[in-house]
Amino acid sequence: RLQKRDDPFAYERIGIWKSSLKMALDHPISGVGLGMYGYYSARYNFPVEHSVARYGKNINVAHNDLLQIMAELGSVGLALFLGGIGMLTYYSIIKLRKLPPSWPIVAASATILGLLIQGLFSNPLLSPALAIIGTVCGVILIDGANRFFKKPLKFQTSWPWYLLTLLVGTYLFIYVIAYPLLG
């Protein structure tokens, strides 16, 4: 980090966080759209006082996973993300209380905790490899807590499930795919 003395934007993380929060507050419910942060960021650009061009550099990421999720997916996406993190925390605590704890549960819990801490100052979830590693660790925690696989799953579909699937698919298509493309 100290090598980037030439980059005046390298030390403006708090300004980036403020502009990301303003973007999220301007689009509170559905956000600006998945992957659209870089396109909307020019509207929320802030001056860099010690730079030649005060507004010469655009922000591409929020440098904070929670702010990135809130800006792109709104409060609904942030609530779903925090709910998932809460669920993984609950499963992790349940499994780690049993002595001796199994090493896959400890490793998965530590990996997710590391990704969350790094996510406060960076965007590790934008890296596909780290997102997949976090997902695999989440699956290890859920399966290790033995919540879903005690009995064989029996799932009978009915018209409410088809309707729910259609509504969720339509919502995702409109707000995640079509809406950002239409502007």
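Basis of the calculations
Residues numbered from 1 in each chain as written. Predicted model: local features only at pLDDT ≥ 70, side-chain atom pairs only at ≥ 80, totals over all residues. Heavy atoms only, no water. 1 Å grid on protein atoms, 1.4 Å probe; cavity = no way out; pocket = protein on both sides within 12 Å on 5 of 7 lines; lining within 4 Å. Points joined across faces, edges and corners; volume = space filled by probe spheres on them. Helix = DSSP H or I, 4+ residues; strand = E, 2+ residues; numbered from the N terminus. Nonpolar A, V, L, I, M, F, W, Y, C, P; charged D, E, K, R; others polar. Expected span 1.5 Å × (residues − 1). Buried < 20%, exposed > 50% of the residue type's maximum accessible area, 1.4 Å probe, protein only. Contact = heavy atoms within 4.5 Å. Arc of directions from axis to C-beta. Axes fitted to C-alpha atoms, helices over the stretch in contact; angles between N-to-C directions. Parallel < 35°, antiparallel > 145°, perpendicular 65-115°, else oblique. Left-handed = near helix turned anticlockwise from the far one by under 90°. Phe/Tyr/Trp six-rings, centres within 6.5 Å; stacked < 30°, edge-to-face > 60°. Salt bridge = Lys/Arg side-chain N within 4 Å of Asp/Glu carboxyl O. Patch = residues over 30% accessible without salt bridge, like charges linked within 9 Å, V, L, I, M, F, W, Y side chains within 5 Å. Areas by Shrake-Rupley, 256 points an atom, 1.4 Å probe, with all protein chains shown as cover.

Draft legend 1. Focus on the layout of surface pockets. If you add up the space inside the largest pocket, you get close to 610 Å³. Lining of the largest pocket is provided by 25 residues; of these, Ile69, Phe81, Ile85, Leu116 and Leu125 occupy positions nearest its centre. Broken down by secondary-structure element, the contributors of at least two residues to the lining of the largest pocket are helix 3 (65–97), helix 4 (103–119) and helix 5 (128–144). Of the residues forming the lining of the largest pocket, the biggest block, twelve residues, is contributed by helix 3. Of the residues in the lining of the largest pocket, the class split is 18 nonpolar, five polar and two charged.

Draft legend 2. Fine view of helix 5. In this model helix 5 runs 24 Å from its N-terminal to its C-terminal C-alpha over 17 residues, within 8% of the 24 Å that 1.5 Å per residue would give. Among all positions in helix 5, only Gly134, Cys137, Gly138, Leu141, Ile142 and Gly144 are buried. In this structure, the buried side of helix 5 is in contact with helix 3 and helix 4.

Draft legend 3. Examining helix 4 more closely. Taking 1.5 Å per residue as the helical rise, helix 4 with its 17 residues ought to reach 24 Å, and the 24 Å between its terminal C-alpha atoms agrees with that figure. Listed as buried for helix 4 are Ile105, Ala108, Ser109, Ile112, Leu115 and Gly119. Projected onto a plane normal to the axis of helix 4, the buried residues spread over an arc of 130° and lie on a single side. Next to the buried residues of helix 4 lie helix 3 and helix 5.

Draft legend 4. Structural view of the packing of helix 3 against helix 4. Two elements in contact, helix 3 and helix 4, have axes whose closest approach is 11 Å; the angle formed by their N-to-C orientations is 155°. Accordingly, the angle class assigned to the pair helix 3 and helix 4 is roughly antiparallel. As helix 3 packs across helix 4, the resulting crossing turns out to be left-handed. Note on element contacts: helix 4 touches helix 3 through Ile105, Val106, Ser109, Ile112, Leu116 and Gly119, opposite Asp65, Phe81, Ile85, Leu88, Ser92, Lys95 and Leu96.

Draft legend 5. Region of the structure containing the packing of aromatic side chains. Evaluated as defined, the whole model comprises two aromatic pairs. A ring pair is formed by Trp17 and Phe121, whose centres lie 6.2 Å apart and whose planes are at 45°; its orientation type is tilted. Placement of Trp17 in helix 1 (residues 13–26) and of Phe121 in the loop between helix 4 and helix 5 is noted, with a sequence separation of 104 residues between them. With relative accessibility at 46%, the residue Phe121 sits in the partly exposed group. Summarising the aromatic geometry, the rings of Tyr90 and Tyr91 are spaced 5.9 Å apart at their centres and angled 50° between planes, so their arrangement reads as tilted.

Draft legend 6. Fine view of the pattern of salt bridges. Evaluation of the coordinates by the stated rule reveals one salt bridge. Here Lys22 and Asp26 are joined by a salt bridge, their closest N and O atoms 3.6 Å apart. Of this pair, Lys22 and Asp26 both sit in helix 1, four residues apart, roughly one helical turn.

Draft legend 7. Inspection of the packing of helix 3 against helix 5 at higher detail. Axis separation between helix 3 and helix 5 bottoms out at 9 Å; the angle between their running directions is 50°. Taken together, the axes of helix 3 and helix 5 are oblique relative to one another. Handedness of the crossing formed by helix 3 with helix 5: left-handed. Note on element contacts: helix 5 touches helix 3 through Gly138, Leu141, Ile142 and Gly144, opposite Met87, Leu88, Tyr91, Ser92 and Lys95. A breakdown of the residues in the contact of helix 3 with helix 5 according to their chemical character gives five nonpolar, three polar and one charged.

Draft legend 8. Fine view of unusual backbone geometry. Look at the link from Leu99 to Pro100: it is a cis peptide, with omega at -10°. As for its position among the elements, Pro100 is in the loop between helix 3 and helix 4.

Draft legend 9. Quick peek at a nonpolar patch on the surface. On the surface, a nonpolar cluster with roughly 1100 Å² of combined accessible area is contributed by Ile29, Val76, Leu80, Trp161, Leu164, Val168, Tyr171, Leu172, Phe173, Ile174, Tyr175 and Ile177. Listing elements by their share of the nonpolar patch, those giving two or more residues are helix 3 and helix 6 (159–182). Considering each element in turn, the nonpolar patch owes the most residues, nine residues, to helix 6. Along the polypeptide, Leu80 turns up in helix 3.

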